[in-house]
Amino acid sequence: VLLDVQDRKEKILFFDGEPHFEVKFIRRAVADDPNLQLVLLQRTTETKFFRVMVDSGDELAAGFPKTRDELFSYRGLILGSIEASAFTGDQLRMISDFADRRGGGLMMIGGRRAFAEGGYAGTPVADALPVVLESKQPESNMRLQVAPTRAGQSHPVTQIEKTEEGSVKRWGELPAVLSVNPIRQVKPG
């Protein structure tokens, strides 16, 4: 495979509807990379937005891009906990086209306003995702008991006690975690 590596700065737009710890960690992870610019757009009220790392005072001043040219100037798009109703129908189609036609990277981070809980089922964005979003709202706050697989039980990362047997026992005693965005089906391919 022939790769054409270009030394240029790629802009990634991260749009979120509420504060998340993920923003801090993602910003920290790319801070030393001269080829990435993480532009943060966070909704603070229905008509006001907090913007970080924009190139100019008017970039994203009115919120999420309203034209293809504006959106397609980014290389990647991260959608945080932002509901589908925050976008117009044209913007939802633009997001799908951003991934499908432009070849931009699209990532959705879970949250109470993401995936099916955010109303994305049946939208063009749902078509662009590699998972199936259920049209009916899944049971929210579903409790999951998490434990490593048999192979994972012996891995050093999952050792939470001094011995493997102690770790297996301890994993069974841990409280259940809440799942906000249950995904039950992956699309073929």
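In case you missed it, the structure is sitting above this.
All chains use their own residue numbering, which begins from 1 and follows the written sequence. Residue-level local features of this predicted model are given only where pLDDT is at least 70; pairs of side-chain atoms are given and counted only at 80 or more, and the full residue set underlies all totals for whole chains, interfaces and linings. Values shown for side chains rest on all heavy atoms present in the structure; no hydrogens or waters enter the calculation.

A. Local environment of the packing of aromatic side chains. Pairing of aromatic rings covers Phe, Tyr and Trp, the last counted by its six-membered ring, and requires centre-to-centre distances within 6.5 Å; plane angles under 30 degrees mean stacked, over 60 mean edge-to-face, and any other angle means tilted. Per the stated rule, a full pass over the model turns up five aromatic pairs. Each ring, one from F15 and one from F49, has its centre 6.3 Å from the other, and the planes form 45 degrees; the classification is tilted. Of this pair, F15 sits in strand β1 (residues 10–16) while F49 sits in strand β3 (residues 49–52); the two residues are 34 residues apart in sequence, bridging distant segments of the chain. With relative accessibility at 2%, the residue F15 sits in the buried group. Measuring from ring centre to ring centre gives 4.9 Å for F64 and F87, while their planes differ by 85 degrees; the resulting arrangement is edge-to-face. With F64 in the loop between β3 and α2 (68–72) and F87 in the loop between β4 (76–79) and α3 (89–100), this pair connects stretches of sequence that are 23 residues apart. In this structure, F64 and F87 share a single accessibility class: buried. Grouping aromatic residues by their ring pairs yields a cluster made of F15, F49, F64 and F87. Counting from the N terminus, the helices are DSSP H or I runs at least four residues long and the strands are E runs at least two residues long. For every residue, the accessible area obtained with a 1.4 Å probe (protein chains only) is divided by the maximum for its type, and the residue is called buried under 20%, exposed over 50%, and partly exposed between those limits.

B. Here's a closer look at the sheet that holds strand β5 (residues 105–108). What the five strands build is an open sheet, ordered β3-β2-β1-β4-β5; its pairing is mixed. Looking at the sheet topology across the chains shown, the edges are occupied by β3 and β5. Across this sheet, the average inter-strand angle for adjacent strands is 15 degrees, counted without regard to direction. At least two bridges found by DSSP between two strands are what make those strands a pair. Relative to strand β2 (residues 36–43), β1 runs parallel, the two sharing seven bridges. Each residue of the ladder has a partner; that of F14, found in β2, is L40. By the convention used here, residues are in contact when the closest approach between their heavy atoms is within 4.5 Å. Helix axes are fitted only over the stretch in contact, all axes being lines through C-alpha atoms; the angle between N-to-C directions runs from 0 to 180 degrees. Strand contacts of helix α1 (residues 21–30): β1, β2 and β3, with the helix running at about 165 degrees to β2, the strand carrying the most contacts.

C. View of the nonpolar core. We define a nonpolar core as any set of buried Ala, Val, Leu, Ile, Met, Phe, Trp, Tyr and Cys residues linked to one another through side-chain atoms lying within 4.5 Å. Grouped together as the largest cluster of nonpolar side chains are 26 residues, with contacts concentrated most on L13, F64, L77, L79, F87, I95 and Y120. Those elements that provide at least two residues to this core are β1, β2, β4, α3 and α4 (124–128). Among all residues touching F64, those that are not within four sequence positions of it are L13, F15, L41, L71, L77, F87, Q91 and I95. Counting residues in hydrophobic clusters, the runner-up holds ten residues, among them I12, V30, V52 and I109.

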